[in-house]
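Close look at the chain arrangement
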Amino acid sequence: MSDRAKGAVLTMFGGACWGISGCVGQYLFTRQGMDSTWLVPIRLGLAGLILCAWYGVKNWRLLIDPWRTKRNARDLIIYGLAGVSCCQFLYFLTIQLSTAGTATILQDLSPVLILGITCLMNRRGPRPFEVMSVMLALIGVFLLTTHGSLTSLAVSPAALVSGVLSAFCVVIYTMWPKNLQKQYPTPMLQGWAFLMGGTMFTLIFRPWQLHYRPTAAGVLGIAAVVLIGNVLAFSCYMSGVKLIGPQKSSLYSFAEPVTAAIISTLVLGSPFTAWDALGFVCIFLMLVLLRLSGERKAAPSHAVHQHG
C-alpha cells in the first residue's frame, strides 16, 4: 500500500473514530442520563492521565520541559484550556443539545474561520474560490439548522451557538501552538491539554455534586469515549497527517460527520432529512474547494524544491 493510500485510510479511520465517540456521547446523554458537565471532566482527565503517563514513562524530562519557560507555559495554557478543552466541552454540549452529526458538522466550519482570520492577518481580501467556500459553508449550515424554513429552526439556538463556538476553539488549537509543535510531540501537548481541561472543568462543574452513578453500560461508554475518541482517533489521524499532509487529511476527516450521522440515525434514531444531506454535501464541497486551492498554491513551491 502506498503512503498516500495508508494516509487516506488512517485519517478516515481516525475521523470515523471521532464520529463513533460522538455517537457514544449522544447515547450516554439520551439513554444513560449523563450530562456533559459530568462526562467531559472525567473524559478529559482520564485521557490526559493516559497520555501524560505514557510520555512520563518514555521521557520524563521532555514531558515537563514545556513548563520551564514562560512563553511555552503561556502557549500551552492557552492551547490547552481555550483551545482543546473548551472545544471538547462545547462539542459534547452541542451533542447533548442536538445530535452527534449536527455537532460534528458545525465544528467542521473551522476551516472557513481559519481562512477569514488568515485574510485579516495578511490584510487582503478573499479570493473568488474562498468566497465560494464561505458561501457553501453558510448554505450548508442554513440547510442543517433550518431545514429550508425561514421561520423556524430545526436546531435549537443554544446548539447552534455552542457548535459554532466549538469551531472557534478548533481555530485556536490549530493556529496557536505552532511554536510548541516545533519543539514537542503533539500527542504529549494534547495530554497536558486534556489534563488541564479535566482539572479546570472538575473545579467549575464539581461533577461529584451531581450524585450521578453510571451503570455498567455507562462505564463502557466512558471507556469508549476516552480510548476511541481521544487515544485511538488522535493517534491514527496524526499518523495519516504525517503521510499525506494536513490539507488532504482535512478532506478525508469528513468521515467523522458522515459516521456520526449514519450511526446517530440508524442506531440512536436521530432524524436525518434530505435537508441534512444537502447541508452535509455543501460543507463537503467547501472542504474539497479549500483543499484544491491549497494544493494549487503549494504546487509551485513543491516544483521548485524538486528541481532545486
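Sequence order sets the numbering: in each chain, residues are counted from 1 along the sequence as written. Side-chain atom pairs in this predicted model are given and counted only at pLDDT of 80 or more, local residue features only at pLDDT of at least 70, and totals for whole chains, interfaces and linings cover all residues. As a convention, hydrogens and water are excluded, and side-chain values are obtained from all of the structure's heavy atoms.

It is worth spelling out the confidence of the model for the chain at this point. Confidence of the predictor in every single residue is expressed as pLDDT, which spans 0 to 100. Of the residues in the chain, 93% reach a pLDDT of 70 or more, and the chain-wide mean stands at 86. What counts as a helix is a DSSP run of H or I of at least four residues, what counts as a strand is a run of E of at least two, and both are numbered from the N terminus. The spread of mean pLDDT over the elements of the chain runs between helix 14 (residues 274-307), the lowest at 67, and helix 3 (residues 60-64), the highest at 95. In what follows, a contact means two residues having at least one pair of non-hydrogen atoms within 4.5 Å. Considering only residues more than four positions removed or in separate chains, one finds that residues 299-308, a stretch of pLDDT under 50, has zero contacts.

With respect to the helices and strands, Q26 occurs in helix 1 (residues 3-30). Excluding anything up to four places from it in sequence, Q26 contacts I95, T99, A100, S264, L268 and S270.

Further remarks concern the state of the cysteines. Disulfide: a pair of cysteine sulfur atoms within 2.5 Å of each other. Per the counting criterion, the structure on display carries zero disulfides. Here C87 stays free of any disulfide, with the sulfur of C169 as its closest cysteine sulfur at 5.8 Å. Just so you know, C236 is unpaired, no disulfide at all, and the nearest cysteine sulfur is the one on C17, 5.8 Å from it.

Moving on, we come to helix 5 (residues 100-107). Here helix 5 lies mainly inside the structure; eight of its eight residues are buried. Throughout this description, buried means an accessible area under 20% of the type-specific maximum (1.4 Å probe, protein chains only), exposed means over 50%, and partly exposed covers the range between. All buried positions along helix 5 are accounted for by A100, G101, T102, A103, T104, I105, L106 and Q107.

Glancing now at the packing of helix 6 (residues 110-121) against helix 8 (residues 157-175). A fitted line through C-alpha atoms serves as each axis, taken over the contacting stretch for helices, and the angle formed by two N-to-C directions is quoted from 0 to 180°. Between helix 6 and helix 8, whose axes approach to 8 Å, the crossing angle comes to 60°. It follows from the interaxial angle that helix 6 and helix 8 lie oblique. Taken as a pair, helix 6 and helix 8 cross one another with a handedness that is right-handed. For the pair formed by helix 6 and helix 8, the contact residues are S110, L113, I114, I117, T118 and M121 on the first element and A167, F168, V170, V171, T174 and M175 on the second. Note that Gly is not counted as nonpolar here; it falls among the polar residues with everything else outside the nonpolar set of Ala, Val, Leu, Ile, Met, Phe, Trp, Tyr, Cys and Pro and the charged set of Asp, Glu, Lys and Arg. Of the residues contributing to the contact of helix 6 with helix 8, the split by class is nine nonpolar, three polar and no charged. For classification purposes, an angle smaller than 35 degrees is called roughly parallel, one larger than 145 roughly antiparallel, one from 65 to 115 roughly perpendicular, and anything else oblique. In this scheme the crossing of two helices becomes right-handed for a clockwise turn of the near helix relative to the far one and left-handed for an anticlockwise turn of less than a right angle.

Further remarks concern a nonpolar patch on the surface. Patch criteria: residues need more than 30% relative accessible area and no salt bridge. Like-charged residues are merged within 9 Å; nonpolar side chains of Val, Leu, Ile, Met, Phe, Trp and Tyr are merged within 5 Å. Where accessible areas are quoted, they stem from the Shrake-Rupley method and a 1.4 Å probe; at the residue level, only the protein chains shown are allowed to cover. Salt bridge, as used here, is a side-chain nitrogen of Lys or Arg placed within 4 Å of a carboxyl oxygen of Asp or Glu. A cluster of nonpolar side chains, V131, M135, L138 and I139, forms an exposed patch at the surface whose accessible area comes to about 350 Å². Looking at the element boundaries, I139 is found in helix 7 (residues 128-146). With relative accessibility at 38%, the residue I139 sits in the partly exposed group.

Glancing now at the packing of helix 4 (residues 70-97) against helix 10 (residues 186-205). One way to put it is that helix 4 packs onto helix 10 with a least axis distance of 8 Å and a crossing angle of 70°. Relative to helix 10, the element helix 4 lies roughly perpendicular. The chirality of how helix 4 crosses helix 10 is right-handed. Between helix 4, through L76, I77, Y79, G80, L81, V84, S85, C86, Q88 and F89, and helix 10, the contact on the second element is made entirely by T186, L189, Q190, W192, A193, F194, M196, G197, M200, F201 and F205.

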